[in-house]
Amino acid sequence: MPLSLFAAYAFWNGAPDEQRWREAFQIASIAAVAQLALVLPQPRPANRLVLAANVYLMLGGLAFLLHQWWYLRLYDSLRESAIFIIMLCVGIAATLFTSPGFAAITHAPRHVVMRASISLLVATALALGISFAFRGDRILAAVVPIICLAVLQRVLVSRAGGRGLVASGG
């Protein structure tokens, strides 16, 4: 929901200006914090893609709040690709340091979780490449790759027979 709120607010009337970017990040980062406050305490693992999108929004909101213009210029130059870079970082950390991994699979052997998480990491890297190739086209550079990653994550969880992906986190 926070990412949808961000996109809707920012792009409601065409390309956003700096003020609309600022407001979109501020509103969406508050929504991201609220969503994480609800999702993270649950016993099942949070959807890592949603977690990464929320980190992206919170970092953008924090950069505006703290006047970190260098960071915002980085976001601007990366465009849609910035979210996939953060997804890769969250994915690597989740794969290496959590038992459910990037795919957020519970009740499955570790090797199954690792295989699914690595598959999702490879797909995220591919999404990053697609995002760079179609930079500036919100549909091809962001919407389609994010939907494909979300579908893949659900398929991986289903195939692993794992439980635990928080449906409300997506």
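Look a little higher up for the structure.
Residues numbered from 1 in each chain as written. Predicted model: local features only at pLDDT ≥ 70, side-chain atom pairs only at ≥ 80, totals over all residues. Heavy atoms only, no water.

With that out of the way, let us pick up the nonpolar core. Tyr56 and Leu149 are the most contacted members of the largest nonpolar core, which has 42 residues in total. Residue assignment for this core shows that the elements contributing at least two residues are helix 1 (2-11), helix 2 (18-39), helix 3 (48-65), helix 4 (69-78), helix 5 (81-97), helix 6 (110-133) and helix 7 (138-160). Leaving out residues up to four positions away in the same chain, tyrosine 56 has contacts with Phe6, Phe25, Tyr75, Ala82, Ile83 and Ile86. (Core = buried A, V, L, I, M, F, W, Y, C linked by side-chain atoms within 4.5 Å. Buried < 20%, exposed > 50% of the residue type's maximum accessible area, 1.4 Å probe, protein only. Helix = DSSP H or I, 4+ residues; strand = E, 2+ residues; numbered from the N terminus. Contact = heavy atoms within 4.5 Å.)

In this structure, the largest pocket occupies an estimated 1000 Å³ of space. Lining the largest pocket are 39 residues, and of these Leu3, Phe6, Ala7, Tyr56 and Ile83 sit closest to its centre. Of all the secondary-structure elements, those providing two or more residues to the lining of the largest pocket are helix 1, helix 2, helix 3, helix 4, helix 5 and helix 7. Counting residues per element, the lining of the largest pocket draws most heavily on helix 7, which supplies seven residues. (1 Å grid on protein atoms, 1.4 Å probe; cavity = no way out; pocket = protein on both sides within 12 Å on 5 of 7 lines; lining within 4 Å. Points joined across faces, edges and corners; volume = space filled by probe spheres on them.)

It is worth spelling out the packing of aromatic side chains at this point. Two numbers describe a pair of aromatic rings. These are the distance of the centres and the angle of the planes. As enumerated under the stated definition, the model contains nine aromatic pairs in all. For the ring pair phenylalanine 64 and tryptophan 69, a centre distance of 6.2 Å and an interplane angle of 75° mean the geometry is edge-to-face. Residue phenylalanine 64 is classed as buried on the basis of its relative accessible area of 5%. Grouping aromatic residues by their ring pairs yields a cluster made of Phe6, Phe25, Tyr56, Phe64, Trp69, Trp70, Tyr71 and Tyr75. (Phe/Tyr/Trp six-rings, centres within 6.5 Å; stacked < 30°, edge-to-face > 60°.)

With respect to the helices and strands, the residue isoleucine 30 is situated in helix 2. A relative accessible area of 59% places isoleucine 30 in the exposed class. Separated by 28 residues in the primary sequence, isoleucine 30 and proline 2 place their C-alpha atoms 8.3 Å from one another.

You will see that histidine 67, though not glycine, has its phi angle at about 55°, which is positive. Among the secondary structure elements, histidine 67 is positioned in the loop between helix 3 and helix 4. For histidine 67, a relative accessible area of 48% translates into the label partly exposed. For histidine 107, which is not glycine, the phi dihedral falls at a positive 60°. Here histidine 107 shows up in the loop between helix 5 and helix 6.

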